[in-house]
Amino acid sequence: MSKKTKSDNQSLQIPKPILLTAKFLQAISPKLATRFAAKLFTTPIKYKIPKRELHMLKQSEHKNLFIPSINKNIFVYQYGKSQKKILLVHGWSGRGTQLVKIADQLLEQGYSTISFDAPAHGKSKGNSSIMTEFIASILELNKHYGPFEFAIGHSLGGMSIINAINQNLNVKKAVIIGSGDLIQDIITDFIEKLKLKPEIGVRMRGHFEKKFGEPMNNYSTSVVAKNIETPVLIIHDEDDSDVNIKCAHSIHIHLKNSKLMITKKLGHRKILGNEKVIEEIITFIGS
């Protein structure tokens with residue numbers, strides 16, 4: 001999809017031509033509708049970088065890093081010079097500078113941050129991506145820039161961090177903000193936004209499981225959380241229209257060592273710049 005200028009504080013709205021195409025394909029061929037939905041599901045929107053993030057872009061050291069396991073390059077940002085490094089991971093259709101307010105405060109606390117544009121996001125090339133590529137990017141970054149003191153992720157980035165920890169990313173603590181949980185719920189929500197029948201969601205899950213050779217539920221956050229010993233701070237807004245608050249509670253229940261912070265009226269993206277949220281993050285990693 002092309003670059004958009006829509007506010008980061010708005011929930012994703014599917015353009016009418018896409019909705020009409022999806023309904024037409026569903027009417028003539030569920031198989032074609034499934035393929036169309038799967039392509040949309042793995043195609044992020046590249047938003048124009050807001051002014052508030054430009055200083056992080058300009059002041060960071062940049063590098064293109066090749067990820068052998070997925071045969072793709074990612075654009076990496078190193079913000080600050082400290083050897084005490086914190087990994088930041090954006091969410092779907094995000095970018096490596098999106099957690100700028102958090103990054104600025106971490107620099108003041110004596111840390112530097114490593115962040116990246118996931119495949120097909122921001123300045124990274126490509127047209128499609130999926131969570132397994134986020135996870136692969138995190139693990140490769142750890143080889144080149146680690147060890148990281150902590151890891152902080154937003155939305156899909158939070159899910160990816162928990163999965164990466166399960167695949168031997170070693171951090172002292174992790175923070176996940178507005179993180180999703182069950183993969184099937186994410187697919188169901190996406191299919192509902194496309195105004196398609198639930199059958200297409202079931203077919204789409206089957207499509208991905210055949211492609212990747214394993215159940216998608218293996219990557220659901222609350223499923224993976226059962227294996228995690230790392231202390232995790234879960235932050236979620238009760239008015240998040242992109243990721244339901246029930247995800248935070250489910251993840252909290254399944255993690256062995258977690259703390260839950262619920263906010264109000266911040267939604268899915270505004271939460272990233274909230275002073276109280278950032279203060280809680282600084283306190284958590286510093287305790």
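In this report, we go over the structure that sits alongside the text. Please read all numbers here as calculations on a predicted model, not as lab measurements.

**Description of the overall build of the chain**
Part 1: Counting secondary structure elements, the chain contains 11 helices and 8 strands.
Part 2: Relative to the compact-globule value of 19 Å for 287 residues, the chain shows a C-alpha radius of gyration of 18 Å, a close match.
Part 3: Relative to its full complement of 287 residues, the chain shows a buried share of 54%.

**Points about helix H2 (residues 30-41)**
Part 1: Between the first and last C-alpha of H2 there are 16 Å, a value that for 12 residues agrees with the 16 Å anticipated at 1.5 Å per step.
Part 2: Every buried residue belonging to H2 is among Ala33, Thr34, Ala37, Ala38, Leu40 and Phe41, and all of these are buried. Relative to the axis of H2, the buried residues are bounded by an arc of 160 degrees and lie together on one face. Pointing more than 90 degrees away from the buried face of H2 are the exposed residues Lys31 and Lys39.
Part 3: Contact partners of the buried residues in H2: helix H1 (16-28), helix H7 (183-193) and helix H8 (198-212).

**Quick notes on the pairing of strand S6 (residues 173-177)**
Part 1: Most of S6 is tucked away: 5 of the 5 residues are buried.
Part 2: Direction of pairing for strand S5 (residues 150-154) relative to S6: parallel, over a ladder of 5 bridges. Of the residues in S6, the one forming a bridge with Phe150 is Lys173.
Part 3: Read as a crossover between parallel neighbours, the route from S5 over helix H6 (residues 156-166) to S6 is right-handed.

**Focus: H8**
Each turn of an α-helix holds 3.6 residues, which means side chains three or four residues apart point in the same direction.
Part 1: A rise of 1.5 Å per residue sets the reference length of H8, with its 15 residues, at 21 Å; its end C-alpha atoms lie 22 Å apart and thus fit the reference within 8%.
Part 2: As for H8, its buried residues are in contact with H1, H2 and H7.
Part 3: Gly213 sits one or two positions beyond H8 and adopts a positive phi of about 75 degrees.

**Points about the nonpolar core**
Part 1: Counting residues in each nonpolar core, the largest one holds 59 residues, and the members touching the most others are Leu141, Leu194 and Met204.
Part 2: Counting residues per element, this core draws most heavily on helix H5 (residues 131-145), at 7 residues.
Part 3: The contact partners of Met204, leaving out residues within four places of it in the chain, are Thr34, Ala37, Ala38, Phe41, Ile187, Phe190 and Ile191.

**Thoughts on the pattern of salt bridges**
Part 1: Evaluation of the coordinates by the stated rule reveals 11 salt bridges.
Part 2: The salt bridge partner of Glu133 is Lys72, with a shortest N-O separation of 3.0 Å. Taken together, the residues span a long stretch of sequence, with Glu133 in helix H5 and Lys72 in strand S2 (residues 72-79) at a distance of 61 residues.
Part 3: Relative accessible area serves as the criterion here: at 12%, Glu133 is assigned to the buried category.
Part 4: The class of Lys72 is partly exposed, set by a relative accessible area of 23%.
Part 5: With a closest N to O distance of 3.2 Å, Glu229 and Lys256 form a salt bridge.

**Some thoughts on unusual backbone geometry**
Part 1: A cis amide bond links Gly146 to the next residue, Pro147, at an omega of 5 degrees.
Part 2: Located in the positive-phi region is Ser155, a residue other than glycine, with phi close to 55 degrees.
Part 3: For Ser155, the location among the structural elements is in the loop between S5 and H6.
Part 4: The class of Ser155 is buried, set by a relative accessible area of 12%.

**Description of the packing of aromatic side chains**
Part 1: Here the structure, examined in full by the defined rule, presents 6 aromatic pairs.
Part 2: A centroid spacing of 6.0 Å and a plane angle of 75 degrees characterise the contact between Tyr111 and Phe150, whose relative ring orientation is edge-to-face. Here Tyr111, found in the loop between helix H4 (100-108) and strand S4 (112-117), pairs with Phe150, found in strand S5; they are 39 residues apart in sequence, far enough to count as distant.
Part 3: Classification of Tyr111 as buried rests on a relative accessible area of 13%.
Part 4: A connected cluster of aromatic rings, assembled from ring pairs, spans Phe41, Phe190, Phe208 and Phe212.
Part 5: The positively charged end of Lys84 is found above the aromatic ring belonging to Tyr111, 4.6 Å away from the centroid.
Part 6: The positively charged end of Lys173 is found above the aromatic ring belonging to Phe284, 4.8 Å away from the centroid.

**Things to note about the pairing of strand S3 (residues 85-89)**
Part 1: Of all 5 residues that make up S3, 5 are buried, and the element is covered over most of its length.
Part 2: Neither face of S3 is left uncovered, since the one carrying Lys85, Leu87 and Val89 and the one carrying Ile86 and Leu88 both have all their residues buried.
Part 3: Bridging between S3 and S4 involves 3 bridges; their strand directions are parallel. Residue pairing across strands places Lys85 opposite Ser112, the latter belonging to S4.
Part 4: The β-α-β motif built from S3, the intervening H4 and the parallel element S4 has right-handed crossover chirality.
Part 5: Where S3 and S5 come together, 4 bridges link them in parallel fashion. Counted as the bridge partner of Ile86 is Phe150 from S5.

Definitions and cut-offs
- Residues numbered from 1 in each chain as written.
- Predicted model: local features only at pLDDT ≥ 70, side-chain atom pairs only at ≥ 80, totals over all residues.
- Heavy atoms only, no water.
- Helix = DSSP H or I, 4+ residues; strand = E, 2+ residues; numbered from the N terminus.
- Rg over C-alpha atoms; globule rule 2.2 N^0.38 Å.
- Buried < 20%, exposed > 50% of the residue type's maximum accessible area, 1.4 Å probe, protein only.
- Expected span 1.5 Å × (residues − 1).
- Arc of directions from axis to C-beta.
- Contact = heavy atoms within 4.5 Å.
- Pairing = 2+ DSSP bridges.
- Right-handed = clockwise from strand over helix to strand, strands pointing away.
- Core = buried A, V, L, I, M, F, W, Y, C linked by side-chain atoms within 4.5 Å.
- Salt bridge = Lys/Arg side-chain N within 4 Å of Asp/Glu carboxyl O.
- Phe/Tyr/Trp six-rings, centres within 6.5 Å; stacked < 30°, edge-to-face > 60°.
- Lys NZ or Arg CZ within 6 Å of the ring centre and 35° of its normal.

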